[in-house]
Each structure stands twice: as structure tokens, then as C-alpha cells.
Amino acid sequence: MKRIILAAAAAFITLAGTAQERSWEYWKNSDKYLSDQAEELLGYVDGTLLAYPPTPKPSVERRLAFTALDAVLHETRYDDSKQFHDFLDKRLQRVARQLAEKAKPGLNIYKLYDDGFIVKTGKLTAGFDICGNRRNTKVIPDHLLKELVEHCDIIFISHKHQDHADPLVVKIAGEAGIPVFGPADFECEGFTALHPDGPENMVLTARNGYRLPVLVLPGHQVKLLNNIYILTMPGGKTIAHFGDQDLEADNEWLFKSPELLTKRLDVMIINGWNPELEKTVMSFNPKVVLSGHENEMFHGIDHREALWLTQYKFDKLAFPMPAYTMVWGEYFRYSK
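To start, this report covers the structure provided alongside it. In this text, all values refer to a predicted model and were calculated from it rather than measured experimentally. (Residues numbered from 1 in each chain as written. Predicted model: local features only at pLDDT ≥ 70, side-chain atom pairs only at ≥ 80, totals over all residues. Heavy atoms only, no water.)

**Side note on the packing of aromatic side chains**
Here the structure, examined in full by the defined rule, presents twelve aromatic pairs. Arranged with centres 4.8 Å apart and planes meeting at 45 degrees, the rings of phenylalanine 156 and tyrosine 229 form a pair that is tilted. In this pair, phenylalanine 156 is assigned in strand S6 (residues 154–156) and tyrosine 229 in strand S11 (residues 224–232), connecting sequence segments 73 residues apart. Taking relative accessible area as the criterion, phenylalanine 156 reaches 0% and is therefore assigned buried. The buried category is assigned to tyrosine 229, whose relative accessible area is 1%. Note on phenylalanine 186 and phenylalanine 191: the rings are 5.2 Å apart at their centroids and 45 degrees apart in plane angle, and the pair reads as tilted. Each member of the pair, phenylalanine 186 as well as phenylalanine 191, is classed as buried. Among the aromatic residues, those joined into a ring-pair cluster are Phe84, Phe87, Tyr113 and Trp328. (Phe/Tyr/Trp six-rings, centres within 6.5 Å; stacked < 30°, edge-to-face > 60°. Helix = DSSP H or I, 4+ residues; strand = E, 2+ residues; numbered from the N terminus. Buried < 20%, exposed > 50% of the residue type's maximum accessible area, 1.4 Å probe, protein only.)

Put into C-alpha cells, the structure is as follows:
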């Protein structure tokens, strides 16, 4: 049976990259060559990631897909390219279809673009840092962004940077009756500002009337407000989204914050570039770690953050809990 599954996966990967007719030569047309090569490569990456889903110990095939994807997306010529948009759209369209299905038991977690995530249970769907715009360039088409947002019952924004806070998301959510919560310095109408003086437990009401317990930790990215949200989802499982937390001055109180939890944190979503990655993870001691914020397009290539680099850090740190490097459009179910 295992051989049959692997053979089917290999066949899928083979087909994924060869659907388009190609030129037989590209003499004096290097731009066309590079565009077709990127399209071909991203097709194989997509198929490989589907065949080899998230795992704490990625196979050689999955690691190769990380590196191939990073190689394309760290080339600035593809920032607003058809190849980039087609790849991301295809993967997020799958997420939209999956969100329309009945939720499986536990936390069904979907990674969107950058640090955007949606977490679905049978009774509540929550969104974090859903964003379709970057430097006035559409990253996610409006119709697809609308579809993703409207699956949510409640949405959280960590901080006001464009790759985390999107006024269009707030507008779509408002029209659908979905409450949005974010930091007080986000200059936008239609959301509720949260940034308490210290860690604070709150109960927030979602669109469907569900009263959601949330621990808000008032952190910062440099001088910007950055809310860390720890949600107790229906069924009692907890999930934390750290946004772009990086201010060293917050660490003294932040690393003591797990004392406020009544049980061990289940899932932590944290950036691979977090300057205190090891200390933060070990202080909160979650049962599972998920990575965020790789391949932020339009950023300098030295700070786009590579998937292979996140995985390298996870390998070196060797956390006692499983840590998963996640790619746009991927799904992880936590059901322990």
C-alpha cells in the first residue's frame, strides 16, 4: 500500500510541472525563459508539498520543495509576477474549498499568506492577520480575500503593518457582521481597539454569538503595538498567535505570562525570525509549534525569511515538542 501511495504521489508531482506547452528554445528571450522556468518549478513545488504535507521531520522531497520555492520567491523579478500570483491563488483557493467543508474534530489550522492563519472548529472559526495587500499591490484577489474572510466568525490583527492589517479585510468583515479586534494605533474604522496596560483575560463575542475567552498580551514590534492573542477555542484547546513580537524590553513580563494560563498551551504560531525564538518557545512550552511569516514579498531579500532557514533553526534548536514549518495554503489539524 505504501508503494502505491508513493507511486501515485510521484505521478502527481510529475504531472504538476508539465501541464503547459513550452518553447523548444529561448534564444534571445531570456525573460521568457526565466518566466517559464519559474512556472514549471512552482508547479513541481505545489505537487510536492501536496504529496509531502507538514511534518516535524520533513523528507528530502519536502526540504527540496522549501528550497526551490525560496529560490524563486527571493528573486525580486517575481514580486508581482503571474507566476507568484498563480501559485498563491491556487493554494488559497484550496483553503477556501476546505473551509466550506465540515470541520474535523480539534483545531483545523490553515496558513494563508505571510502571517495570516485561519483556525476552524465545529463551533467557531477565527482568523489572524488576514491580509490581501502589500505596498499597494494586491497579493490576494478581492473575491478570494472576501471568501476567506467570510468563513470567519471573529478576526484578530496583531499590529498595523500592511502585511498584517488590511483595511479591506476590516471592511469585508464589517459588512458580514464579523467583529475585528486589533491594536489601538491601527488607523482604520470598523474594528475594536485592544491594547491593555498588561496581560488581560477577556471574553469576546463572535459573529455567531459564541463567547470566546482570549488572553491579550500587549507586546510590541520595536515601538509599534503588537498584540499577542491566546484563544481558548470551543472544546478547550488553546492557540496563540504572536504576530511580529520582537521588543526585548517586553521579555521580562512576557516570559512570565504562561503563568496566567490554566493549562499548557496547545498550539503556538510564531515567526521563524523571532529574535528570541528559543526562549519564547521554551517559556510558553506549547505542545506544538507552527511557523509563520516566511517569504514576505516586496521585502528586501535579506529579510524575506526562507522556509529552509526556518527549518534549519527548528532542526538546530531541537525543541522537545514537534515544530512544523508551514507553507502558504497548507493545513494542519491538532486533535490531541
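**Observations regarding the sheet that holds strand S10 (residues 211–221)**
Taking strand neighbours across the sheet as the criterion, the seven strands line up as S9-S10-S11-S12-S13-S14-S15 in an open arrangement whose pairing is mixed. Each of the sheet's edge strands pairs with one partner strand only, and the pair in question is strand S9 (200–205) and strand S15 (323–324). Pairing of S11 with strand S12 (residues 238–241) involves four bridges; the strand directions are antiparallel. The residue bridging isoleucine 230 from the neighbouring strand is alanine 240, located in S12. (Pairing = 2+ DSSP bridges.)

**Side note on the side chain of asparagine 271**
With respect to the element layout, asparagine 271 can be found in strand S13 (residues 267–271). A polar contact of 3.0 Å, which involves the side chain of asparagine 271, links it to the backbone oxygen of glycine 243. Non-local contacts of asparagine 271, meaning those with residues more than four positions away in its chain, are made with Asp115, Gly243, Asp244, Leu277, Gly292 and His293. (Polar contact = N/O pair within 3.5 Å; in protein donor to acceptor, adjacent residues only side chain to side chain. Contact = heavy atoms within 4.5 Å.)

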